[in-house]
Each structure stands twice: as structure tokens, then as C-alpha cells.
Amino acid sequence: MVDTCWEDDHKAMDVEVRKEMKQIHLEKVTEDNVGGIVRLRVAKEQKSFVASNDWSLIDAYLSLAEGKPVFPFGIYYGKTLVGFIMMDYGDDWTGYEREAWLNSEDYKFFEGKKYYYVWRFMIDKKYQGRGYGKEAMKLALDFIRTFPCGKAEYSALSYEPENEVAKKLYASFGFKEILGPGYYEEGDEITAVLKL
Ligand SMILES: CC(C)(COP(=O)(O)OP(=O)(O)OC[C@H]1O[C@@H](n2cnc3c(N)ncnc32)[C@H](O)[C@@H]1OP(=O)(O)O)[C@@H](O)C(=O)NCCC(=O)NCCS
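Right, let's walk through the structure included here. Note that the structure is a prediction, hence the values are computed from the model and not measured.

1. Observations regarding the overall build of the protein chain
Looking only at helices and strands, one finds seven helices and seven strands in the protein chain. Mapped in sequence order, the helices and strands of the protein chain form the string α-β-α-α-β-β-α-α-β-α-β-α-β-β. Classification of the 196 residues of the protein chain by burial places 31% in the buried group. In the protein chain, the share of contacts with a sequence separation of at least 24, taken over all contacts with a separation of at least 6, comes to 71%.

2. Some words on the environment of Ile24
Note on placement: Ile24 falls in strand β1 (residues 24-28). Take Ile24: there are 22 C-beta atoms within 10 Å of it, and that puts it in the buried class. Along the chain, Ile24 and Ala136 lie 112 residues apart, while their C-alpha atoms are 6.6 Å from each other. The contacts of Ile24, once residues within four sequence positions are left out, are Arg18, Ile75, Tyr76, Tyr77, Tyr132, Glu135, Ala136 and Leu139.

3. Things to note about the site of the ligand
Around the ligand, the surrounding shell holds 21 residues, and the nearest of these are Phe49, Gln128, Gly133, Lys134 and Tyr159. Looking at the shell around the ligand, the elements that each hand over two or more residues are β4 (115-123), α6 (132-144) and α7 (164-172). With five residues, the single largest contributor to the shell around the ligand is α7. Tallied by class, residues from the shell around the ligand come to 11 nonpolar, seven polar and three charged.

4. Some thoughts on the environment of Gly83
Its place among the elements puts Gly83 in strand β3 (residues 80-90). Separated by 41 residues in the primary sequence, Gly83 and Asp124 have C-alpha atoms spaced 5.4 Å apart. For Gly83, the residues in contact, after removing those within four places along its chain, are Leu40, Ile75, Met122, Ile123, Asp124, Tyr127, Tyr132 and Ala136.

5. Points about the environment of Leu141
Among the secondary structure elements, Leu141 is positioned in helix α6. Judged by the 18 C-beta atoms lying within 10 Å of it, Leu141 is partly exposed. Each C-alpha atom, one on Leu141 and one on Val118, is 9.0 Å from the other, the two residues being 23 residues apart in sequence. Leaving out residues up to four positions away in the same chain, Leu141 has contacts with Ser155 and Phe173.

6. What about the sheet that holds strand β7 (residues 190-195)?
Across the sheet, seven strands lie side by side as β1-β2-β3-β4-β5-β7-β6; this open sheet has mixed pairing. With one partner strand each, in any of the chains shown, β1 and β6 (176-177) form the two edges of the open sheet. In this structure, β4 lies alongside strand β5 (residues 154-159), joined through three bridges in parallel fashion. Along β5, the bridge assignment pairs Tyr117 with Ala156. Contacts between α6 and the sheet are confined to β1, β2 (70-77), β3, β4 and β5, with β1 contributing the most and set at about 55° to the helix.

Conventions and cut-offs
- Each chain carries its own residue numbering, running from 1 in the written order of its sequence.
- It should be noted that, the model being predicted, local features are given only for residues of pLDDT at least 70 and side-chain atom pairs only at 80 or more, the latter also being counted only at that level, while totals for whole chains, interfaces and linings use all residues.
- Helix and strand definitions follow DSSP, with helices as H or I runs of at least four residues and strands as E runs of at least two, each counted in order from the N terminus.
- To sort residues by exposure, count the other C-beta atoms lying within 10 Å of each residue's C-beta; 20 or more gives buried, 12 or fewer gives exposed, and values between give partly exposed, all with C-beta atoms placed from the backbone.
- Residue pairs qualify as contacts under a 7 Å threshold applied to their C-beta atoms, which are placed from the backbone.
- Only the C-beta atom, placed from the backbone, is used; a residue is near a molecule or strand if that atom lies within 6 Å of it.
- Here the nonpolar group is Ala, Val, Leu, Ile, Met, Phe, Trp, Tyr, Cys and Pro; Asp, Glu, Lys and Arg are the charged ones; every other residue, Gly included, is treated as polar.
- Here, strands pair whenever DSSP counts at least two bridges between them.
- Note on geometry: axes are C-alpha line fits, over the in-contact stretch for helices, and angles between N-to-C directions span 0 to 180 degrees.

Encoded structure:
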């Protein structure tokens with residue numbers, strides 16, 4: 001049995017209250033909401049910024065199959081599904097993308113450190129620009145700070161250099177880019193970290 005670090009307590013976070021009160025909250029992916037999650041869409045021009053949710057769920061499956069914990073959530077406004085966010089935990093990169101990671105400059109920063117990674121994040125195009133993304137990121141960081149897999153020094157994430165909205169949103173929470181512009185080649189995502 002894989003230790004996923006999930007505990008039922010994590011669903012607490014006043015979910016019931018938020019469901020009733022038309023507030024943003026996170027709910028685990030289950031057989032009841034997975035169909036809705038794979039139907040969420042970003043705008044056409046945003047497709048290169050994030051993997052599709054069905055692909056993200058395949059990634060979640062592959063991670064779990066390798067024994068790596070992963071935390072995929074639906075983002076809800078009251079009872080309405082508006083987005084998807086997925087986090088994971090690392091203290092040593094042993095996953096199926098290991099080779100690419102070991103060759104990256106970012107790896108030098110993370111080597112020997114523990115961190116929670118915000119791996120995928122999207123708000124459906126119909127619901128963007130209403131403050132839901134910001135609120136969901138706050139809840140994701142609250143979740144990370146419960147340290148479900150144990151203490152970690154950092155939260156980390158990455159984004160396309162031209163994704164100005166995401167870049168600004170993450171910076172507003174204190175995420176800082178770990179490498180200067182000279183390190184990135186065309187097509188690379190920028191990695192940023194937040195000290196927890
Ligand atoms: C990035 C994303 C999750 C933000 O979610 P959102 O619900 O639209 O964001 P919010 O409404 O909470 O807005 C957050 C900030 O971005 C700004 N913003 C949102 N959409 C914007 C737009 N189209 N243009 C300019 N600014 C925008 C808001 O004004 C707000 O800024 P403020 O805090 O200074 O007021 C969403 O745009 C998205 O899903 N994008 C496509 C997928 C993606 O890029 N995911 C991230 C991958 S790294």
C-alpha cells in the first residue's frame with residue numbers, strides 16, 4: 001500500500017461551511033467530480049501554460065504508482081466546480097521525469113531540500129478574473145502548511161515566462177524565481193520558490 005500522506009482531516013478546512021456560503025474551497029478528486037474536472041478548460045491561448053486535466057490525472061496516477069504522494073483537488077465556488085490544482089511532495093526526485101530534472105539547473109537548488117510543489121493549477125476560462133485563482137492559491141498554501149508528508153522548507157512551482165498573470169499571482173504570495181534570466185533556454189519554464 002502506497003503511503004499517500006492523505007488523512008481525512010485534510011478535508012476539514014471548513015469545507016462544509018464554504019460549500020454553503022459561496023466561497024472558494026478545495027475538494028479531493030473522487031469518482032463523483034472527476035468527470036467535471038476533465039471537462040474544465042482554459043482559453044485557447046492559455047493551453048501552453050498548463051497540461052490538460054486528464055493528463056494531470058494520468059500524471060497523478062503515475063506518481064502514486066511509483067509511491068510518490070500527490071494531492072489533486074477540485075476548486076469549488078460554493079457547489080460549482082471552477083478549477084483544478086494539484087500538489088506533490090519531494091525530498092528526492094525519483095519520479096519518471098528524473099533524467100530531465102537531474103540535468104536541469106533548478107535541481108542544484110532543490111538537491112537535499114524538502115519541498116511541496118504546486119504542480120498543476122487552472123481556473124476554467126468561464127470563471128477566470130473573479131479572484132478565485134488567488135483564493136485557491138491561498139487555500140493550497142494553507143494545505144501545504146499542514147505539512148501532510150512532513151516538514152519542508154519550501155513550496156515551489158514553475159510557469160512559462162510569458163504567463164504574466166500566473167507570474168504576478170505567485171509573486172503576490174512571495175514566490176521568488178530561483179535563477180536569473182541567463183539560465184533559462186527557450187522553452188524552459190521558470191521555477192520559483194516560497195520559503196515556508
Ligand atoms: C492563472 C490563473 C489560475 C489565475 O486564476 P484567476 O481566477 O483568473 O485569477 P484571479 O481572478 O484570482 O486574479 C489574480 C490576479 O491576476 C489578475 N488577472 C487575472 N486575470 C487576468 C487577465 N486576464 N489579465 C490581467 N490580469 C489578470 C487579477 O487582476 C488579479 O490581480 P490582483 O491580485 O492584482 O487583483 C488562471 O488565469 C488560469 O487558469 N490560467 C490558465 C492556466 C495557467 O496559466 N495556470 C498556471 C500555470 S503556471
